[in-house]
Amino acid sequence: MGGVHPEIVPPPTTVIEASKRLAAWTAVDRHVLPEYKVIGIGSGSTVPYVVERIVAQGPERNKDRVFIPTSFQSKELIVNAQLLLGDVDQYPVIDVTIDGADEVDETLNCIKGGGACHLREKVLAEAADTFIVVADYRKNSDVLGRNFTQGVPIEVAQFAYAKVLQNVHLLGSPGAVLRMAKSKAGPVVTDNGNFVIDAPFPEEAMKDPYTLLTRIKMLTGVVEVGLFCHMAKAAYFGNQDGSVTVKWHDGRIENVDSGSSPVPEST
Ligand SMILES: O=C[C@H](O)[C@H](O)[C@H](O)COP(=O)(O)O
């Protein structure tokens, strides 16, 4: 764990990347406390900045901590940052988990799973005493599905996908599709060996994500649904003007002036 740390993520060159970093750094500064020893690491493009900031807390702070990944990607991040890797079966109680989101509504319900990692992410969110979301300003929304339009990610057992797809069509998402891979023929296969269905629902259904979650989860063959309801304690959004908006679980909205502009010098 000693020695020079490798670069975890290149410095941001766009306002969106800088906003992600701002959210991640602010959340780590406030929620990864010195006494915390078991830390869940989420997945996606915002999380490398989380790991970067944790590493900046120094080897002394990190030497007796263990980091639990939510995906192959976050496992690589932990290992490359020379942090100690653990798993949730060894550490079923986590002090804090920090993760990204595809969209967050006004009461902190989230769509997650744009990267097909939502099963492990939800396990680590639920195992954590504190679950914190970090994202750029585009994810800050009033109603889920307004910004992230590809639909609710649903992880399904491979053999059951066609049956679940039919069920989901009848449940009110006629446009639901099996997620196809980009650089491989055939469907996306998750880290757990399952398929993913993307199911866009009308706004009326998305206004009550908990009911929708329970309906989808009851379908046999569904492994996990990318709707995270009543889980997050706070969501941090990096803004274009260099401030951070914090939405708290009790409805409070806080504006933090980071004192630094997120606009990268090169733009
Ligand atoms: O499956 C992926 C995860 O739920 C990500 O946390 C989510 O897609 C957000 O990722 P990003 O930070 O890249 O927007």
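None of the values given here were measured: they were computed from a predicted structure. (Residues numbered from 1 in each chain as written. Predicted model: local features only at pLDDT ≥ 70, side-chain atom pairs only at ≥ 80, totals over all residues. Heavy atoms only, no water.)

Regarding the sheet that holds strand β8 (residues 177-178)
Stage number 1. Here four strands make up an open sheet; going across it, the order is β8-β9-β7-β10 and the pairing antiparallel. Each of the sheet's edge strands pairs with one partner strand only, and the pair in question is β8 and β10 (222-225).
Stage number 2. Taken together, the five bridges between strand β7 (residues 152-156) and strand β9 (residues 195-199) define a ladder with antiparallel strand orientation. Following the sheet pairing, P153 is matched in β9 by D198. (Pairing = 2+ DSSP bridges. Helix = DSSP H or I, 4+ residues; strand = E, 2+ residues; numbered from the N terminus.)

Re unusual backbone geometry
Stage number 1. The phi dihedral of Q82 falls on the positive side, at around 60°, and the residue is not glycine.
Stage number 2. On the secondary structure map, Q82 appears in the loop between α4 (72-80) and β3 (94-99).
Stage number 3. Of note, L108 is a non-glycine position whose phi angle comes to about 70°, a positive value.

A few points about the side chain of E155
Stage number 1. The topology assignment puts E155 in strand β7.
Stage number 2. At 7.5 Å, R120 is the nearest oppositely charged side chain to E155, a buried residue that forms no salt bridge.
Stage number 3. In terms of polar contacts, E155 uses its side chain to reach the side chain of N194, at 2.8 Å.
Stage number 4. Sequence-distant contacts of E155, that is, excluding residues within four places in its chain, are made with A116, H118, L119, T190, N192, N194, F195, V196, G221, V222, V223 and E224. (Buried < 20%, exposed > 50% of the residue type's maximum accessible area, 1.4 Å probe, protein only. Lys, Arg positive; Asp, Glu negative; His and termini not counted. Salt bridge = Lys/Arg side-chain N within 4 Å of Asp/Glu carboxyl O. Polar contact = N/O pair within 3.5 Å; in protein donor to acceptor, adjacent residues only side chain to side chain. Contact = heavy atoms within 4.5 Å.)

Thoughts on the site of the ligand
Stage number 1. The environment of the ligand is formed by 16 residues, the closest being S45, T46, D102, E121 and K139.
Stage number 2. Residue C117 places a main-chain N or O atom 3.0 Å away from an oxygen atom belonging to the ligand.
Stage number 3. In the environment of the ligand, an oxygen atom lies 2.7 Å from a nitrogen or oxygen atom belonging to the side chain of E121.
Stage number 4. Relative to its unbound accessible surface of 380 Å², the ligand loses 91% to contact with the protein.
Stage number 5. Among the residues forming the shell around the ligand, the class breakdown is three nonpolar, eight polar and five charged. (Near = heavy atom within 4 Å. Areas by Shrake-Rupley, 256 points an atom, 1.4 Å probe, with all protein chains shown as cover. Nonpolar A, V, L, I, M, F, W, Y, C, P; charged D, E, K, R; others polar.)

Some points on the nonpolar core
Stage number 1. Residues I41, V51, I54, I98 and Y236 are the most contacted members of the largest nonpolar core, which totals 31 residues.
Stage number 2. Of all the elements in the fold, those that place two or more residues in this core are α1 (15-31), β1 (38-41), α2 (47-56), α4, β3, β6 (128-136), β12 (234-238) and β13 (243-248).
Stage number 3. Broken down by element, the residue count for this core peaks at six residues, all from α2.
Stage number 4. Counting 27 residues, the second largest nonpolar core, distinct from the first, contains I111, L144, A160 and V168. (Core = buried A, V, L, I, M, F, W, Y, C linked by side-chain atoms within 4.5 Å.)

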